[in-house]
Amino acid sequence: MIPLCHPLGLDNCQIDIQLNDQQEVVIDCTATITAKTGIEMEALVGASIAALTIYDMCKALSHDIVIKETKLIAKTGGKRDFKRV
């Protein structure tokens, strides 16, 4: 996978999985690094792989599972900071 082809010394990576009010699985992946680079791609890949893993574990119950949107919520560092409003 291209985002994971550069060796980065991650300081931390956490996955948080919860059900929202619509009974949808919401996955938040937070990755941190001390180096002067943005690692949003690693966090997006982490969330995507978690969603695919949940699909694989639940497909015996239903093949109607839909993996919806993957989006960056916030990032600091790199060329510029970003926060979704």
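Residues numbered from 1 in each chain as written. Predicted model: local features only at pLDDT ≥ 70, side-chain atom pairs only at ≥ 80, totals over all residues. Heavy atoms only, no water.

Side note on the overall build of the protein
Line of reasoning, step 1. Within the protein one finds one helix and four strands.
Line of reasoning, step 2. When the helices and strands of the protein are read in sequence order from the N terminus, they spell out β-β-α-β-β.
Line of reasoning, step 3. In the protein, buried positions account for 18% of the 85 residues.
Line of reasoning, step 4. Across the protein, contacts joining residues at least 24 apart in sequence account for 34% of those joining residues at least 6 apart.
Line of reasoning, step 5. Of the accessible surface of the protein, which amounts to about 6800 Å², a share of 57% is contributed by carbon and sulfur atoms.
Line of reasoning, step 6. Separation of charge centres in the protein, based on 9 positive and 11 negative side chains, amounts to 9 Å. (Helix = DSSP H or I, 4+ residues; strand = E, 2+ residues; numbered from the N terminus. Buried < 20%, exposed > 50% of the residue type's maximum accessible area, 1.4 Å probe, protein only. Contact = heavy atoms within 4.5 Å. Areas by Shrake-Rupley, 256 points an atom, 1.4 Å probe, with all protein chains shown as cover. Lys, Arg positive; Asp, Glu negative; His and termini not counted. Charge placed at Lys NZ, Arg CZ, Asp CG, Glu CD.)

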